[in-house]
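Each chain is listed here by its residues.
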Amino acid sequence: QVQLVESGGGLVQPGGSLRLSCAASGRTFSRSAMKWFRQAPGKEREWVATTTIGGSRSYADSVKGRFTISRDNAKNTVYLQMNSLKPEDTAVYYCNSKELGSDYNYWGQGTQVTVSS
């Protein structure tokens with residue numbers, strides 16, 4: 001069983017920055033791909049970024065060049081550094097974990113990010 005707890009959300013002005021964190025329980029973090037998703041009001045949940053077991057990173061086109069995903073296996077934590085935030089980045093951001101060889105996805109409870117002046 002894995003528990004994911006996100007933090008770091010809040011209200012920020014356009015052009016500002018936030019760093020989200022997702023702390024994972026259990027012993028499988030280093031063997032898990034970690035992802036960030038987001039869901040805006042009235043829209044479907046969408047993928048934002050991935051960091052693989054080997055540390056490779058990938059991003060949705062909408063955030064490429066502005067967001068950076070990273071992981072600290074010693075702390076069982078994945079981060080999402082968000083810069084140059086836009087109002088359209090407003091959403092609930094969710095952390096996702098999937099262990100190598102497993103089909104099961106774990107989700108956190110989400111953290112709200114609001115970009116508004």
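Everything that follows concerns the structure shown earlier in this document.
For the structure given in this document, a descriptive report is provided here. (Residues numbered from 1 in each chain as written. Predicted model: local features only at pLDDT ≥ 70, side-chain atom pairs only at ≥ 80, totals over all residues. Heavy atoms only, no water.)

1. So, the pairing of strand β3 (residues 18-24)
Heads up, the rule is: Each residue is assigned to one of three classes by its accessible area relative to the maximum for its type, calculated with a 1.4 Å probe on protein chains only: buried under 20%, partly exposed between the two thresholds, exposed over 50%. Here a helix means four or more residues in a row that DSSP labels H or I, a strand means two or more in a row labelled E, and each is numbered from the N terminus. DSSP-based pairing: two strands are paired if at least 2 bridges between them are found.
Summarising burial for β3: five of the seven residues are buried, a large majority. Sheet topology places strand β1 (residues 4-7) next to β3; four bridges connect them, and they run antiparallel. Along β3, the bridge assignment pairs Glu6 with Cys22. Across six bridges, the pairing between β3 and strand β8 (residues 77-82) is antiparallel. In the sheet register, Arg19 faces β8, and the bridge partner there is Gln81.

2. Remarks on unusual backbone geometry
The residue Asn76 is not glycine, and still its phi comes out positive at about 55°. Counting through the fold element by element, Asn76 comes out in the loop between β7 (67-72) and β8. We classify Asn76 as buried; its relative accessible area is 18%.

3. Concerning the sheet that holds β1
Quick reminder of the rule: Note on method: axes are straight lines fitted to C-alpha atoms, helices fitted across the in-contact stretch only, with angles between N-to-C directions ranging 0 to 180 degrees.
Across the sheet, four strands lie side by side as β1-β3-β8-β7; this open sheet has antiparallel pairing. Each edge of the sheet is formed by a strand with only one pairing partner; in this case those strands are β1 and β7. The mean angle between the axes of side-by-side strands here comes to 15°, regardless of whether they run parallel or antiparallel. With six bridges connecting them, β7 and β8 associate as antiparallel partners. The partner of Thr68 across the bridge, within β8, is Gln81.

4. Section: the state of the cysteines
Keep this limit in mind: Criterion for a disulfide: a pair of cysteine sulfur atoms within 2.5 Å.
The final tally for this structure, using the stated rule, is one disulfide. Here Cys22 is linked by a disulfide to Cys95, with a sulfur-sulfur distance of 2.1 Å. Its S-S torsion of approximately -80° makes the covalent link between Cys22 and Cys95 left-handed. Separated by 73 residues along the polypeptide, Cys22 in strand β3 and Cys95 in strand β9 (residues 91-99) bring together distant segments of the chain. In this structure, Cys22 and Cys95 share a single accessibility class: buried.

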